[in-house]
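Listed below, chain by chain, are the residues.
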Amino acid sequence: MQWWNAGVVYQVYIRSFADSNGDGIGDINGLRSRLGYLSDLGVDAIWVNPWYQSPLNDGGYDVSDYRAIEPRFGTLADAEALITEAHAHGIKVVVDLVPNHTSSEHRWFQEALGSTKESVARSRYHFRPGKGADSEEPPTNWSSVFGGSAWTRLADGDWYLHLFDSTQPDLNWENQEVRTEMEQVMRFWLDRGADGFRIDVAHGLVKDMSYPDHAEEQEILISSQASDHPFWDRDGIHPIVRQWRQLLDEYDDRILVAEAWVAADSLPRYLRPDEYHQSFNFDFLSGSWDAAQMQQLIASSLDAVAAVEATPTWVLSNHDVVRHATRLGLPQDTDWRRWLLDGPHQILDTDLGLARARAAVMFMLALPGSVYLYQGEELGLHEVWDLPDEVLDDPVWERSGHTMKGRDGCRVPIPWAVEGPSLGFGSGPAWLPQPEWFGAASVEAQQAQPGSTLELYRAALALRSKHLVGDAEAEWLDAPEGVIGFRRGSGVECWLNVSGQTMTLPTDREILLTSTSVGHELPVNSAAWLK
Ligand code: GLC
Ligand code: CA
């Protein structure tokens, strides 16, 4: 068994985790100072969102130098120290790599801007003449994931492609120099001890080079799962991944994790033995609070990865989606991306959402495979859905013409303390304002508080490493309607009461942990582990 087969990976959104120098921006030294917290929590690894030199137009997913650290986050020496210190705590470090696009400030793009049409410099990106006599129409009707056209025009008439913001030009992966450079970048970080990469937009690298129009409209922040799409999930991606995998296999123990928002039946292709080790399983995140649906989704996820002998993964939240405590407190079928702006906001039941979030994480942590946690979920944090418009930073807000609020509400700096200028995040105000209720949800407030969500996570992670990581089996148990039960190889059982009524748990088993303390009576929206 490898460390990642059942690893608990904690996602650190570096900008919002901990600020060491009081400038309001989280940084590497802030993260270093909190490694003790992460080790007490019981995580096996951290995945750190991009920390490279960047104008931060898209929170660092716009990289201007892949071998340098953004000065606001620290220095290369800080990053090296972080990796060493994390390893000393027994924590692996997964780095976020952004190969689909660079920042427009990257030296390659700057060189392309200063070069002629059809130059070598422009061939590293997707530059095309436009349509119409004067090239005034974009080359295709493709839309950006953040809204608006995916093409921007230069003064000389050429257009360049950007699936995301206009400051994030897409690289041309048919260009050998692009491939070689990204491999060198991988070596750079592997040689510094990085334990692997989370590959950003893994399903977008390869484009249909005949640049056809596409009939389907792009929904903001959602990747289409249509087959034969001109830029999502194209077959040409897989040979690139195999090259990367060979490179990683020269080192011991490193992993590749795909961020691939693709159809469920396509995902296993990314997980073939010579490709990615893991891919986020977004089906679970996108699923609804319904026992039959959840059970079906889990069974098919387990089958899909078993077919390619890969590891199942589970995730409830990340820096791109509304926090799950909030999603689960909204009526079924609410479009939570749009709800942020459109509301109605009074339909949110925060207590219900938190109860479900606590149950959901216990359920997820009991499943075979690896788990990804997003910073702050261990505090039961809700989405900060009411950030004022003036502070919004996600490019989605502007690019959508103020019709989508974007992802800032899950990126608000972490409350470490009950009081203080940024609740222990740093010594001054944080880059995004923290709401009033954050102090009561802080680490300080929950630390050593029986029943707090933080203590639930700690207890669950400790029990998980003891009872729930030795095997890959889960046997479904007979359960009343609206309840899901399964047993792991160790004999530990997990029960989740999704709808239905209070359920009496088998009384001949010892209770290890529950998301609500009620003896053998398991109320709705709660979970229990039994032995
Ligand atoms: C991924 C990241 C997201 C970013 C986008 C463009 O989806 O998770 O935060 O905006 O890629 O790099
Ligand atoms: Ca700072």
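The rules behind the values
Residues numbered from 1 in each chain as written. Chains lettered and ligands numbered in written order. Predicted model: local features only at pLDDT ≥ 70, side-chain atom pairs only at ≥ 80, totals over all residues. Heavy atoms only, no water. Helix = DSSP H or I, 4+ residues; strand = E, 2+ residues; numbered from the N terminus. Rg over C-alpha atoms; globule rule 2.2 N^0.38 Å. Buried < 20%, exposed > 50% of the residue type's maximum accessible area, 1.4 Å probe, protein only. Contact = heavy atoms within 4.5 Å. Areas by Shrake-Rupley, 256 points an atom, 1.4 Å probe, with all protein chains shown as cover. Expected span 1.5 Å × (residues − 1). Polar contact = N/O pair within 3.5 Å; in protein donor to acceptor, adjacent residues only side chain to side chain. Pairing = 2+ DSSP bridges. Axes fitted to C-alpha atoms, helices over the stretch in contact; angles between N-to-C directions. Right-handed = clockwise from strand over helix to strand, strands pointing away. Core = buried A, V, L, I, M, F, W, Y, C linked by side-chain atoms within 4.5 Å. Near = heavy atom within 4 Å. Nonpolar A, V, L, I, M, F, W, Y, C, P; charged D, E, K, R; others polar. Domains from an automatic or database assignment.

Visitor: So, the overall build of the protein chain: which residues are in play, and what are the values?
Guide: A count of helices and strands for the protein chain gives 14 helices and 20 strands. The globule rule puts the C-alpha radius of gyration for 531 residues at 24 Å, and the 23 Å found for the protein chain is close to it. Across the 531 residues that make up the protein chain, the buried fraction comes to 61%. For the protein chain, contacts bridging at least 24 residues in sequence account for 66% of all contacts bridging at least 6. Approximately 19,500 Å² of the protein chain is accessible, and the part contributed by carbon and sulfur atoms is 48%.

Visitor: How would you explain helix 11 (residues 350-366) if you had to name every residue and give the values?
Guide: With 17 residues, helix 11 should cover 24 Å at 1.5 Å per step; its first-to-last C-alpha distance of 24 Å lies within 8% of that length. Summarising burial for helix 11: 12 of the 17 residues are buried, a large majority. Buried within helix 11 we find Gly353, Arg356, Ala357, Arg358, Ala359, Ala360, Val361, Met362, Phe363, Met364, Leu365 and Ala366. The N-cap residue of helix 11 is Asp349: its side-chain oxygen and the backbone nitrogen of Asp351 are 3.3 Å apart.

Visitor: I'd like to hear about the pairing of strand 13 (residues 370-374), residue by residue, with values.
Guide: Of all the five residues making up strand 13, five are buried; the element is thus mostly covered by neighbouring parts of the structure. Alternating residues of strand 13 divide into Ser370, Tyr372 and Tyr374 and Val371 and Leu373, and every residue in both groups is buried. Where strand 1 (residues 8-12) lies against strand 13, four bridges are found, and the strand directions are parallel. Opposite Val9, over in strand 13, you have Tyr372 as the bridge partner. Judged from the three bridges that link them, strand 12 (residues 313-315) and strand 13 form a sheet pairing that is parallel. From the neighbouring strand, Trp314 faces strand 13, where its bridge partner is Val371.

Visitor: Provide a residue-level description of the sheet that holds strand 1, including the pertinent values.
Guide: With respect to topology, eight strands assemble into an open sheet ordered 11-10-9-5-2-1-13-12, the strand pairing being parallel. Of all strands in the sheet, those bounded by a partner on one side alone are strand 11 (278-279) and strand 12. Across the sheet, helix 6 (residues 237-249) touches strand 9 (196-199) and strand 10 (255-258), and the angle it forms with strand 10 is around 150°.

Visitor: Would you mind going over the pairing of strand 10 in detail, with residue names and values included?
Guide: Every second residue of strand 10 is oriented toward a common face, with Ile255 and Val257 on one face and Leu256 and Ala258 on the other, all of them buried. Sheet topology places strand 9 next to strand 10; four bridges connect them, and they run parallel. The partner of Phe197 across the bridge, within strand 10, is Leu256. In terms of handedness, the path from strand 9 via helix 6 over to strand 10 forms a crossover that is right-handed.

Visitor: Tell me about the nonpolar core, and please be specific about residues and values.
Guide: Trp51 and Trp529 are the most contacted members of the largest nonpolar core, which has 148 residues in total. Among the elements that line this core, the one with the most residues is helix 11, at eight residues. In terms of nonpolar packing, the next biggest core, distinct from the first, is built from 17 residues, Trp159, Tyr211, Leu221 and Met404 among them.

Visitor: With reference to specific residues and values, describe the site of ligand 1.
Guide: Not every one of the 13 residues close to ligand 1 is listed here, only the nearest: Asp58, Asp200, Glu259, His319 and Asp320. The separation between an oxygen atom of ligand 1 and a polar side-chain atom of Asp58 is 2.6 Å. Contact distances for ligand 1 include 3.0 Å between an oxygen atom and a side-chain N or O atom of Arg407. Protein coverage of the free-state accessible area of ligand 1, which is 310 Å², stands at 95%. Of the residues that constitute the shell around ligand 1, the class distribution is four nonpolar, two polar and seven charged.

Visitor: Before we move on, can you summarise the domain arrangement of the protein chain with the specific residues and values?
Guide: Structurally, the protein chain comprises domain 1 (3-99 + 176-453), domain 2 (107-161) and domain 3 (473-530). Domain 2 and domain 3 are separated by 56 Å when their C-alpha centres are compared.

Visitor: Hey, could you go over the sheet that holds strand 18 (residues 511-514) for me, with residue numbers and the actual values?
Guide: Taken in spatial order, the five strands line up as 14-15-16-20-18 in an open sheet, and their pairing is antiparallel. The sheet terminates laterally at strand 14 (474-476) and strand 18, the two strands that pair on one side only. Averaged over all pairs of adjacent strands, the angle between their axes in this sheet comes to 20°, without regard to strand direction. Pairing of strand 18 with strand 20 (residues 526-530), which is carried by three bridges, proceeds in the antiparallel orientation. Each residue of the ladder has a partner; that of Ile511, found in strand 20, is Leu530. On top of the sheet, helix 11 reaches strand 15 (483-488), strand 16 (493-497), strand 18 and strand 20; it is set at about 35° to strand 20, its chief contact. In this fold helix 14 (residues 453-467) packs onto strand 18 and strand 20, with an angle of close to 140° to the strand it touches most, strand 18.

Visitor: Quick one: what's the story with helix 3 (residues 76-88), residue by residue and with numbers?
Guide: Between the first and last C-alpha of helix 3 there are 18 Å, a value that for 13 residues agrees with the 18 Å anticipated at 1.5 Å per step. Taken together, the buried positions of helix 3 are Asp78, Ala79, Ala81, Leu82, Ile83 and Ala86. In the core, the buried residues of helix 3 are packed alongside helix 1 (28-33), helix 2 (35-41), strand 4 (65-69), strand 5 (92-97) and helix 5 (176-191).

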